[in-house]
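Below, each chain spelled out in residue letters.
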Amino acid sequence: MSNSVRHRMSELINEIRDHQFKYHVLDMPSISDADFDSLLRELKQLESQHPELQEADSPTLGIGGGFSTTFSQHDHIEKMMSLDNVFDLDELTLWFDRIEKEIPRPTYICELKVDGLAINLTYENGQLVRGLTRGNGVTGEDVTLNVKTIRNLPHALIGSDIPELIEIRGEVFFPLAAFNELNEGLEESGKSLFANPRNAAAGSLRQKDPRVTAARPLSVVVHGVGARKGVTFDSQSDAYAQLKELGLPTSDRIKICSTREDVQKYIEYYGLHRHDVEHEIDGVVIKVDSIADQGQLGFTSRAPKWAIAFKYPPEEVTTRLIDIKVSIGRTGRVTPFAFMEPVKVAGSTVTNATLHNAAEIVRKGVLIGDVVVIRKAGDVIPEVLAPVIERRTGSEVAFVMPTHCPECGWALRAMSEGDVDIRCPNSRTCPAQLRERIYYIGSRAALDIDVLGYEAASALLESTIISDESDLFNLTQEKLVTSEFFTKKDGSAGLNVEKLLAALEKAKSAPLWRVLVSLSIRHVGPTAAQALATACGSIEKISTSTAEELAQIDGVGAIIADSIIEWFGVDWHQEIISKWASAGVRMQQEVKVQLPQTLTGLTFVVTGGLESFTRDSIAETITSHGGKSASSVSKKTDYVLVGAEPGSKLAKAIEIGVPVIDEARFKELLAGE
């Protein structure tokens, strides 16, 4: 028995160390956090059952990440501990029981567990002298120059009570909005994308050239203190208050909890709202607030006994890729997707994940039969990130893109030279395209028609109530009740009938730009549609304009103009316009009182969150006052409007010398000042 246990423990140690190296040194983890935690927990359990077999340098005794790179090594003044984890409320209850056995009525403090890179910052007489990664908890890598490029981190503390020495523990993270911008830029330039914001933060902080780090919009939040001289704290919350007074970036989402129930409510709240936060989180950290109580509870060899991390269900997991299939979109685009062994991720079980296009499959090196890493964040469709190459058996096979549409049988082809996507050209009768177009009309991006979801769209077509979208606004109760989807058991009209007809009636008065979006003209999204509606004023004017005239409209250009000309040149597309107009759908731009054109001739790019405007409303404000809202920074940009947690567009603006303004200055321009 002991030999088999010894063998399994040896396997686990080697596997864990291998994954630690990939995670901490290569920034290329090959398994999910949940899978890694599972390996570590198994090793801990075996060691607790067989303490005589525990190795002196077991991964369970260290912090992880003690690997040398090109950066110099430096010791922490006080050991930088890790945290133990719990994964459900039962495990958390056991931790509460242990705490309250020694401390009868403790006060707890809850904070979000930022999914970033742990950092230790040393200030001497108020000056930032050193920044170290966690490393093995005793020794870390010196990243001082790179840390000093982080915009919200002070190089000098402020206030009258500056400590002689203080080690600040925190987490470097990549804001989500900025991460998406960074990957968009990398994709446009043909470079490899970062798998997630945590990897982007680690990769950005550990650049040999600090200028590269400076171009990345990293941020930091502090959550602890190590060695200190000249300052004392009564509690964790007192420490955070003093750190904030010193000018350090503390979290605004800290909560003092007097009971277990309060802690659970905090956990439940952010379990539901984890995607409302500007950075990624993977759980909640619960600490005993009193410093005296913390001292009484003490530490294990790797973690404080007075703190625990409650981990949320993982958003990155591994599973087996059984097959790669394709779906047909509303414009005929063929999109490969992964069909996988069912796996639970972010709280739900998934079997499908997107693979974007054939070129992306090749770039990622994914084979049918691979174990793959998938990611699902919030309501985003799960995505295959990468294969786990080490787990290949040799039986995996490459994906071959089909030559014919799986829904209608038409030959697939690229619709234009240089197009990376292939499409089904049978736009009129392909069942998949019809379903997707009608479903899209009901979406919030288009006409926002309540009840017109995917099932309703399918039912309308399968029951031949409509043949295509041209019949949509001529629906009646008599037509709808011919489908079981819209009827009750007794054959009478269901509640969905009344809701759908009311929503269709309301949609008839939608703004012209929404009508344009709902037509599924290739390349015409909300921005181009608004530009067309403003410049032309009616569907008739758009349909009779030349490609040259349309291309001159700001926000349109030659590619979109050609697509519009092509769409309006199809007879049955004209039938859609005619039937919708006859049914009362708005075909002209609503006449509005013109606002002062204070931004005429100015082009703005917006990055980060604004206090007074949403992403949609800021674009509308700019265009309604005569300006242009662009998505990327160039030398033609007049101003980059910067809000909270700005993305890589800010770095681009600074690089090419485009003026940067805040929200207050924008409002002055808006007022003509």
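Residues numbered from 1 in each chain as written. Predicted model: local features only at pLDDT ≥ 70, side-chain atom pairs only at ≥ 80, totals over all residues. Heavy atoms only, no water.

If you look the protein up in an unreviewed UniProt entry, it shows as DNA ligase (NAD(+)) from freshwater metagenome. As stated in UniProt under Catalytic activity (unreviewed entry), the record for the protein gives "NAD(+) + (deoxyribonucleotide)n-3'-hydroxyl + 5'-phospho-(deoxyribonucleotide)m = (deoxyribonucleotide)n+m + AMP + beta-nicotinamide D-nucleotide." The UniProt entry for the protein carries this comment under Cofactor (unreviewed entry): "Mg(2+)". (UniProt positions renumbered as here; feature names shortened; annotations may be inferred.)

(A) Geometry of the pairing of strand β4 (residues 117-124). Where burial is concerned, most of β4 is hidden: seven out of the eight residues are buried. Strand direction decides the pairing type here: β4 and strand β7 (residues 165-173), joined by eight bridges, are antiparallel. Each bridged residue has a counterpart across the sheet, and for Leu-121 the counterpart in β7 is Ile-168. By the bridge criterion, six bridges tie β4 to strand β5 (residues 127-133) in an arrangement that is antiparallel. (Buried < 20%, exposed > 50% of the residue type's maximum accessible area, 1.4 Å probe, protein only. Helix = DSSP H or I, 4+ residues; strand = E, 2+ residues; numbered from the N terminus. Pairing = 2+ DSSP bridges.)

(B) Spotlight on the environment of Val-225. Within the fold, Val-225 resides in strand β8 (residues 219-229). Put simply, Val-225 and Pro-59 are 166 residues apart on the chain and 24 Å apart in space, counted from C-alpha to C-alpha. In contact with Val-225, other than residues within four places in its own chain, are Glu-78, Ile-166, Glu-167, Arg-169, Phe-233 and Leu-243. (Contact = heavy atoms within 4.5 Å.)

(C) Highlighting the sheet that holds strand β3 (residues 108-114). Ordered in space as β2-β11-β10-β3-β9, the five strands form an open sheet in which the pairing is mixed. With one partner strand each, in any of the chains shown, β2 (85-86) and β9 (255-257) form the two edges of the open sheet. Here β2 runs beside strand β11 (residues 307-311); their pairing, made up of two bridges, is parallel. Considered in β11, the bridge of Val-86 is made with Phe-310. Together, β2, β3, β10 (281-288) and β11 form the strand contacts of helix α3 (residues 89-102), whose direction differs from that of β11 by roughly 170°. (Axes fitted to C-alpha atoms, helices over the stretch in contact; angles between N-to-C directions.)

(D) Structural detail: the sheet that holds strand β20 (residues 660-661). Reading across from one edge, β18-β17-β19-β20 is the order of the four strands in this open sheet, with parallel pairing throughout. Whereas interior strands pair on both sides, the edge strands pair on one side only; in this sheet they are β18 (628-630) and β20. Sheet topology places strand β19 (residues 639-642) next to β20; two bridges connect them, and they run parallel. When the bridges of β20 are listed, Leu-641 appears paired with Ile-661. Sitting on the sheet, helix α23 (residues 648-656) touches β17 (603-607), β19 and β20, and the angle it makes with β17 is about 135°.

(E) Summary view of α23. Of the residues making up α23, those classed as buried are Lys-649, Leu-650, Ala-651 and Ala-653. Two residues or fewer after α23 comes Gly-657, characterised by a positive phi angle close to 80°.

(F) Seen up close, unusual backbone geometry. Phi is positive for Asn-125, which is not a glycine, with a value near 50°. As for its position among the elements, Asn-125 is in the loop between β4 and β5. A positive phi is found at Asp-448, a non-glycine position, where the angle reads about 55°. Along the polypeptide, Asp-448 turns up in the loop between α12 (431-441) and α13 (454-462).

(G) Spatial organisation of the pattern of salt bridges. On inspection of all chains with the given rule, the structure shows 27 salt bridges. For Glu-167, the salt bridge goes to Arg-169, with nearest N and O atoms at 3.6 Å. Take Glu-167: its relative accessible area is 1%, and that puts it in the buried class. Judged by its relative accessible area of 8%, Arg-169 is buried. Between Arg-375 and Glu-280 there is a salt bridge whose closest N-O contact spans 1.9 Å. Taken together, the positions of Arg-375 in strand β15 (residues 371-375) and Glu-280 in the loop between α9 (260-273) and β10 put the pair 95 residues apart, joining distant regions of the chain. For Arg-375, a relative accessible area of 12% corresponds to the buried category. Bridged by salt links that share partners, the residues Glu-360, Arg-363, Lys-364 and Glu-383 form one connected network. (Salt bridge = Lys/Arg side-chain N within 4 Å of Asp/Glu carboxyl O.)

(H) Inspection of the domain arrangement of the protein at higher detail. The domain architecture assigned to the protein consists of domain 1 (1-65), domain 2 (83-308), domain 3 (314-396), domain 4 (468-581) and domain 5 (601-669). Distance from the C-alpha centre of domain 4 to the C-alpha centre of domain 5: 31 Å. (Domains from an automatic or database assignment.)

(I) Broad picture of the side chain of His-279. Residue placement: His-279 occurs in the loop between α9 and β10. Assessed through its relative accessible area of 7%, His-279 is described here as buried. For His-279, the residues in contact, after removing those within four places along its chain, are Val-114, Phe-173 and Leu-176.

(J) Structural view of the environment of Gly-409. Position of Gly-409 among the secondary structure elements: in the loop between β16 (383-387) and α12. Spatially, the C-alpha atom of Gly-409 lies 65 Å from that of His-76, the residues being 333 residues apart in sequence.

(K) Structural view of the packing of α12 against α13. For the pair α12 and α13, the least separation of the axes is 9 Å and the interaxial angle reads 130°. If you check the angle between α12 and α13, you find them oblique. In this structure, the crossing between α12 and α13 has a hand that is right-handed. Packed against α12, whose contacting residues are Leu-434, Arg-435, Glu-436, Ile-438 and Tyr-439, the element α13 presents Tyr-454, Ala-457, Ser-458 and Leu-461 at the interface. (Parallel < 35°, antiparallel > 145°, perpendicular 65-115°, else oblique. Left-handed = near helix turned anticlockwise from the far one by under 90°.)

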